[in-house]
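Examining the three-dimensional arrangement
So the chains spell out like this:
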Amino acid sequence: ISADNTCEDILSRANIDSSNIKPILNIPSINNSKLMYSVINIFNDSKNLEVSLNTALTLLGYIYNLDIIGLYELNQKDESLEANFIWFSDNFIKHSSIITKVSKQNYENFILYNENYGNIFSTDDFESLTLSASMFKYAFLDSECKCLYQKKLTTNNKFNGFLLAASSNNNPEWNNSVNDSLTLLTAIISSNLEKLRTQQSIQKMIKLDNLTGAYNLKSFTSIVRNTINSNLDKRYAIIYFDVDRFTLLNEQYGYTTGDYILKKISNHLEKFLNNNEAFCRIVDDKFVVFTEYVTLNDIKHKMKDFQNKIHILKDAHNNNIKIKKIVIVYNC
């Protein structure tokens, strides 16, 4: 949400009359069905689900007089929880760096819901909870948190994260009408989050090689063209190479070994290249690299360094991986 989007703007876009709504503690005064309808409209009327998710959270933060509301998603790589969509009030923003990413070691202290209560946790007396000491606990205590809500998110019955909402205001309806409303709204928001991630996954599949995660040739060509056209003052080189005796390795050890080698090379290239550089797996063991340089010696040193590091890599049978047929086209 940009700074230009005030709460009144968001309420207006959600078809809610802001003159009838204050930052409220008297939740029963809200027409609950109208709020549900408005949140659904935010998603139905938008072409950008990321904007819609932020808009919906901002709307709920304002309506329920919250200090924080966010969607925490499980990061599969390091099993941390990341708040990719989150809204803060001024009261909580000083703790934003602490609360936006929760490591695997710490999030057990941060998750309060359990299966016995439908994977929902709600309290209007946060200070009285007996919690393990953690930076998250003290962040909420320092912000004088009184009301807190959590709801587990799942995708295909697998844990995917949770929605968190908290307020420093006393709210006698928190464990009743607010709890019920947030549970229904979480279902709407969660389904749209899942839709967004599915769209992104499909887009990723279109652009990338399924085996290695490298760009496919069509995406690579587009990236190279756009980068060169946007940086006419810079020099670039295209480097082609393939794997020595790759067909023989496949025949001798099987395609699993070949796939392992290709993934190893792709992982190395991903670490080897800068953000403005790219690589592509054309087909089989044939790779193309797009890299920036200043002098021809830069390319020579870069390729020598690359070859040396590739030769250190080993396949699943402890054989060193070698590359051959290096072709360099520079001054692209």
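Up top is the structure these notes are about.
Keep in mind the model is a prediction, meaning the values are calculated, not measured.

Across its full length, the chain holds 10 helices and 10 strands. Here the chain holds 332 residues, and the buried ones make up 44% of them. Within the chain, contacts between residues at least 6 apart in sequence are counted, and of these 63% link residues at least 24 apart. For the chain, the accessible area works out to roughly 18000 Å², and carbon and sulfur atoms hold 47% of it.

Right, let's talk about the pairing of strand E5 (residues 147–155) for a bit. The side chains of a regular strand alternate between the sheet's two faces. Across the 9 residues that make up E5, a large majority, 7, are buried. Pairing analysis gives 4 bridges linking strand E4 (residues 120–123) to E5, with the strands arranged antiparallel. Among the inter-strand pairings, Ser122 is bridged to a residue of E5, identified as Tyr149. Pairing of E5 with strand E6 (residues 158–167), which is carried by 9 bridges, proceeds in the antiparallel orientation. Pairing of Cys147 across the sheet is with Ser167, part of E6. Taken together, E5 and the strand that follows it, E6, pair antiparallel across an intervening segment of 2 residues, in which Asn156 is found at a positive phi of about 55 degrees.

Right, let's get into a negative patch on the surface. A contiguous patch of negative charge, built from Asp124, Asp125, Glu127 and Glu144, is present on the exposed surface. Relative to the helices and strands, Asp125 is located in the loop between E4 and helix H5 (135–142). With relative accessibility at 37%, the residue Asp125 sits in the partly exposed group.

Despite not being glycine, Asn156 has its phi angle at roughly 55 degrees, a positive value. Given the relative accessible area of 65%, Asn156 is considered exposed.

Moving on, we get to the packing of helix H9 (residues 255–272) against helix H10 (residues 296–312). Contact geometry of H9 with H10 gives a least axis separation of 11 Å together with a crossing angle of 140 degrees. Here H10 runs oblique to H9, going by the angle between their axes. At the point where H9 passes H10, the crossing takes the right-handed sense. Between H9 and H10, the contacting residues are Ile265, His268, Leu269 and Phe272 on the first element and Lys302, Asp305, Phe306, Lys309 and Ile310 on the second. In terms of residue class, the contact of H9 with H10 is built from 5 nonpolar, 1 polar and 3 charged.

Turning next to the pattern of salt bridges. Within the structure shown, the criterion is met by 7 salt bridges. Close ionic contact of Arg197 with Glu73 constitutes a salt bridge, the shortest N to O distance being 2.5 Å. Placement of the pair is Arg197 in helix H6 (residues 174–207) and Glu73 in strand E1 (residues 68–74), with a sequence separation of 124 residues. Judged by relative accessible area, Glu73 falls into the buried class, the value being 7%. Of the charged contacts, one joins Glu82 and Lys101 as a salt bridge, the two residues approaching to 3.5 Å between their closest N and O atoms. On the criterion of sequence distance, the pair formed by Glu82 in strand E2 (residues 81–88) and Lys101 in strand E3 (residues 101–102) is long-range, its members being 19 residues apart.

Thresholds, definitions, all that
- Residues numbered from 1 in each chain as written.
- Predicted model: local features only at pLDDT ≥ 70, side-chain atom pairs only at ≥ 80, totals over all residues.
- Heavy atoms only, no water.
- Helix = DSSP H or I, 4+ residues; strand = E, 2+ residues; numbered from the N terminus.
- Buried < 20%, exposed > 50% of the residue type's maximum accessible area, 1.4 Å probe, protein only.
- Contact = heavy atoms within 4.5 Å.
- Areas by Shrake-Rupley, 256 points an atom, 1.4 Å probe, with all protein chains shown as cover.
- Pairing = 2+ DSSP bridges.
- Patch = residues over 30% accessible without salt bridge, like charges linked within 9 Å, V, L, I, M, F, W, Y side chains within 5 Å.
- Salt bridge = Lys/Arg side-chain N within 4 Å of Asp/Glu carboxyl O.
- Lys, Arg positive; Asp, Glu negative; His and termini not counted.
- Charge placed at Lys NZ, Arg CZ, Asp CG, Glu CD.
- Axes fitted to C-alpha atoms, helices over the stretch in contact; angles between N-to-C directions.
- Parallel < 35°, antiparallel > 145°, perpendicular 65-115°, else oblique.
- Left-handed = near helix turned anticlockwise from the far one by under 90°.
- Nonpolar A, V, L, I, M, F, W, Y, C, P; charged D, E, K, R; others polar.

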